[in-house]
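Residue-level structure breakdown
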Amino acid sequence: VLHGTAAAQGPASQDLLSDYWQQRADYDIRCTLDIEAKMLTGIERLTYTNNSPDTLRRYFIHLYPNAYRSADSELYRDFHPGTWVFLRDLPEENRGWLEIDTMTVGGEPASFTIDGTVLAGDFPRPLPPGGTVIFDMAFREKIRKRIGRAGYLGNHYDMAQWYPKIAVYDKTGWHQDQFRTGEFYGEFGTYEVSITLPDQYVIAATGLPVEGDPGWTRNEKPEHKDGGGHPGADAGVIYGTDSSGMKQGRDDAGLSLSPKTVRFRAVDVHDFAWCADPLFVVEEAKVGAFSVMSFYRQWNSAWADSALARTVNAVRLLDSLVGPYGWPQISIVDSPTHGGMEYPMLVMNGSPDMSLIVHEVTHMWFYGMLANNERDDAWLDEGPAQYFMFDWLAASTGRKDLWNRIGDSVIELHRSGFAEPVATPYHEFESSGLTMVYNKSALFLRALRIMVGDEVFEEILREYFSNWKFRHVDGETFLAVCEDVTGLELDDFFKQWIYSAKTCDYTLDRFKRREEDGLHWADLRIKRRGDMILPITLEFRLADGTVVQERLDGMPREIEKSFSFESKPE
Ligand SMILES: [Zn+2]
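Just so it is clear, the model here is predicted, and its values are computed rather than measured. (Residues numbered from 1 in each chain as written. Predicted model: local features only at pLDDT ≥ 70, side-chain atom pairs only at ≥ 80, totals over all residues. Heavy atoms only, no water.)

Turning next to the UniProt feature "domain: Peptidase M1 membrane alanine aminopeptidase" (unreviewed entry) in the protein chain. Here the UniProt-annotated "domain: Peptidase M1 membrane alanine aminopeptidase" (unreviewed entry) positions come out as residues 355-497. Secondary structure across residues 355-497 comprises 69% helix and 4% strand; the distance between its end C-alpha atoms is 25 Å. (UniProt positions renumbered as here; feature names shortened; annotations may be inferred. Helix = DSSP H or I, 4+ residues; strand = E, 2+ residues; numbered from the N terminus.)

Structure below.
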């Protein structure tokens, strides 16, 4: 509820900021892709700096690919007995895993244990506040056939969550959770990644190439647009979804397997993803200080020109509403997937659809630069991504009922008793996760905007971004910024929308018209049947054609009120 006069009670955004710290994780990875064996072998140097006020004794490293090793993984159990049952029967060659062959920590051989997707060990010496320690490791990843967010399909590689990645340590401690349904959380740092692979590959990656040829000029744009979408559409390209290696790729080009090495560098990112395909066509446009790049498979001509132009538009939209894009490049990559997935500076999309592009580009700001824990607080980035997508869709199509229809999907779950709090960790939702995290949090942002007005809402977004970019954020951070900017106490508003599954249900119980003292009166009784409290806007259409709006505090269980007008309310 909006208490118009009460001042904000919670901690101010500036106080949170002055107490804030984050760890630093700098990666130097050199890896080699073996396309015959579907193996990635590499060495990784992780320089980890403890900026916390705590002395650390243990450390935790994510080995995400192990979620696809066997039916014992927690990820598998989350989906069982749902659509992922097939993981149980997956042939060995289609599975994936990540193994550590050797590791030293602070120059000493490390002893560690691995449980599923989490490696745990003790620092050889406790790591004091301000201390830095170097992890050196050799790893081997068996790349799975594309399941979930990554893998190979034919000659195409989507490489995400592919390297040993240190868990986040923040004000609530280590986030050493098993990889389950839900997404990611990472420490900011610099990534330097060298990838060795057959030289006909074109590579899209987080970061900028600093050495070697990423192959961006290798392939020509398709000549004719035929709507795209099916393999083999152009120039006799044979591009299967089997795993038989390079020769399947482009027989006419006389491919060789001679290797090349390309090195990428990314600053202020909390993850690193890359995609490689011998058939990527690359388009580029400059937008201010950074470049927008589109990578699509040559036969997929629906992407030609369109994906680049749409991404440029989406980036400009976010840039103007939220704040300047903070990295030198953004890549949108045509990927054999449904939907899309966001990584710093790179998104993998299953289509060049503008709605999807707006959603994923929004993630560069919300998740990429404003880095929430996607596992525990998925609403903080999916909410804005959906909000900007729906807002763009409503504006561009003129569909006035769009937001109502989004609302209906949420109301339906509340009505049937299936609604769960929006801020539930994603893997703990029983059934309503998708609608709560994606749609209800978008509605929440829209309600906030209606309540405080467009101008103040945009000020909230800009303030949030300019103070918190390249940092970790959570619900408390966003609430503090909202209260700072509006000067309002918004605790209850957040509680009702985000931290509970209260139902919003008001009913107009009585509407009576009468004439008295030469005025027209409307006597109303409104009942609040749900526990959620929202301000109510009443709209009266009068006989003389005017429309009068009145605002009510929606707190009481029963509101009786009379309004008078010069003309008869209809
Ligand atoms: Zn999303």
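The subject of this paragraph is the packing of aromatic side chains. A full pass over the atoms with the stated rule returns 44 aromatic pairs. Ring geometry for tryptophan 216 versus phenylalanine 295: centroids 5.9 Å apart, planes at 75°, classification edge-to-face. Of the two residues, tryptophan 216 sits in the loop between β16 (208-211) and β17 (259-269) while phenylalanine 295 sits in strand β20 (residues 290-297), which places them 79 residues apart along the sequence. Their ring planes at 85° and their centres at 6.4 Å tell us that tryptophan 379 and tyrosine 499 sit as a pair that is edge-to-face. Of the two residues, tryptophan 379 is situated in helix α5 (residues 379-397) and tyrosine 499 in the loop between α10 (491-497) and β26 (506-516); the sequence distance between them amounts to 120 residues. Using a relative accessible area of 3% as the deciding quantity, one classes tryptophan 379 as buried. Classification of tyrosine 499 as partly exposed rests on a relative accessible area of 41%. Over the ring of tyrosine 152 we find lysine 38, and its NZ or CZ is 4.6 Å from the ring centre. (Phe/Tyr/Trp six-rings, centres within 6.5 Å; stacked < 30°, edge-to-face > 60°. Buried < 20%, exposed > 50% of the residue type's maximum accessible area, 1.4 Å probe, protein only. Lys NZ or Arg CZ within 6 Å of the ring centre and 35° of its normal.)

Another point: the side chain of aspartate 377. Secondary-structure assignment places aspartate 377 in the loop between β24 (370-372) and α5. If sequence neighbours within four positions are ignored, aspartate 377 has contacts with Asn372, Ala423, Asp474 and Gly475. (Contact = heavy atoms within 4.5 Å.)

Here 6 bridges tie strand β28 (residues 536-541) to strand β29 (residues 547-552), and the two strands are oriented antiparallel to one another. Counterpart to leucine 538 in the pairing with β29 is glutamate 550. The antiparallel pairing of β28 with β29 creates a hairpin that spans 5 residues between the two strands, and glycine 545 there sits at a positive phi of about 95°. (Pairing = 2+ DSSP bridges.)

This model, assessed by the stated rule, comprises 4 cavities of 30 Å³ or more. Here the largest cavity is characterised by a volume of approximately 140 Å³. In this structure, the largest cavity is lined by 15 residues; those nearest its centre are His62, Tyr64, Asp177, Glu183 and Arg375. Looking at the second largest cavity, its volume works out to about 70 Å³. At the level of elements, α5, α7 (433-452) and α8 (454-468) are the ones that each hand at least two residues to the lining of the second largest cavity. Here the lining of the second largest cavity gets 4 residues from one element, more than from any other, and that element is α5. Partitioning the lining of the second largest cavity into residue classes produces 9 nonpolar, 2 polar and no charged. (1 Å grid on protein atoms, 1.4 Å probe; cavity = no way out; pocket = protein on both sides within 12 Å on 5 of 7 lines; lining within 4 Å. Points joined across faces, edges and corners; volume = space filled by probe spheres on them. Nonpolar A, V, L, I, M, F, W, Y, C, P; charged D, E, K, R; others polar.)

As a further point, take the coordination of the zinc ion. With distances of 2.0 to 2.8 Å, the protein atoms coordinating the zinc ion are His359 (NE2), His363 (NE2), Glu382 (OE) and Glu382 (OE). One way to put it: the 4 donor atoms around the zinc ion meet at angles of 51 to 147°, and that makes the site irregular. All donor residues of the zinc ion come from one chain, and their arrangement in sequence is H-x3-H-x18-E. Taken together, the residues histidine 359 in helix α4 (residues 354-365) and glutamate 382 in helix α5 connect sequence positions 23 residues apart. (Donors = N, O, S within 2.8 Å, 3.2 Å for Na, K, Ca; no water. Tetrahedral: all angles 85-135°; square planar, octahedral: opposite > 155°, others 65-115°.)

On to the pattern of salt bridges. Under the criterion given, the structure shown has 36 salt bridges. Residue aspartate 474 pairs with lysine 171 through a salt bridge whose shortest N-O separation is 2.9 Å. Of this pair, aspartate 474 sits in the loop between β25 (471-473) and α9 (475-486) while lysine 171 sits in the loop between β12 (169-170) and β13 (173-174), and the two are 303 residues apart along the sequence. Residue aspartate 474 is classed as buried on the basis of its relative accessible area, which comes to 17%. We classify lysine 171 as exposed; its relative accessible area is 54%. The residue arginine 375 makes a salt bridge to aspartate 177 at a minimum N-O spacing of 3.6 Å. Placement of arginine 375 in the loop between β24 and α5 and of aspartate 177 in the loop between β13 and β14 (189-198) is noted, with a sequence separation of 198 residues between them. Residue arginine 375 is classed as buried on the basis of its relative accessible area of 12%. By relative accessible area, aspartate 177 is classed as partly exposed at 28%. Among the charged side chains, a salt-bridge network with shared partners connects Asp28, Arg30, Glu192, Arg263 and Arg265. (Salt bridge = Lys/Arg side-chain N within 4 Å of Asp/Glu carboxyl O.)

Spanning 12 residues, α4 covers 17 Å between terminal C-alpha atoms, matching the ideal 16 Å at 1.5 Å per step. Burial analysis of α4 places 12 of its 12 residues in the buried class, the great majority of the element. Residues Met354, Ser355, Leu356, Ile357, Val358, His359, Glu360, Val361, Thr362, His363, Met364 and Trp365 constitute the buried set of α4. With its phi angle positive at about 115°, tyrosine 367 sits one or two positions after the end of α4. (Expected span 1.5 Å × (residues − 1).)

Attention now goes to the sheet that holds strand β18 (residues 274-277). Overall, antiparallel pairing links the 4 strands, which are arranged β9-β10-β18-β15 in an open sheet. One side of each edge strand has no neighbouring strand; the edge strands of this open sheet are β9 (151-153) and β15 (202-205). When the angles between neighbouring strand axes are averaged without regard to direction, this sheet yields 10°. (Axes fitted to C-alpha atoms, helices over the stretch in contact; angles between N-to-C directions.)

A few words now on a negative patch on the surface. Together, Asp15, Asp19, Glu455, Glu459, Glu463 and Asp484 line one region of the surface with negative charge. Mapped onto the secondary structure, aspartate 15 falls in helix α1 (residues 13-18). (Patch = residues over 30% accessible without salt bridge, like charges linked within 9 Å, V, L, I, M, F, W, Y side chains within 5 Å. Areas by Shrake-Rupley, 256 points an atom, 1.4 Å probe, with all protein chains shown as cover. Lys, Arg positive; Asp, Glu negative; His and termini not counted. Charge placed at Lys NZ, Arg CZ, Asp CG, Glu CD.)

Let's shift gears to α9. For α9, which comprises 12 residues, the first-to-last C-alpha distance of 16 Å matches the rise-based estimate of 16 Å (1.5 Å per residue) to within 8%. Among the 12 residues in α9, 10 count as buried, and that is most of the element. Here α9 has its buried residues at Gly475, Thr477, Phe478, Leu479, Ala480, Val481, Cys482, Glu483, Val485 and Thr486. At its buried positions, α9 is contacted by α1, α5, α7, α8, β25 and α10. Sitting at the head of α9, aspartate 474 places a side-chain oxygen 3.2 Å from the backbone nitrogen of glutamate 476. Count one or two residues on from α9 and you reach glycine 487, which has phi positive near 70°. (Polar contact = N/O pair within 3.5 Å; in protein donor to acceptor, adjacent residues only side chain to side chain.)

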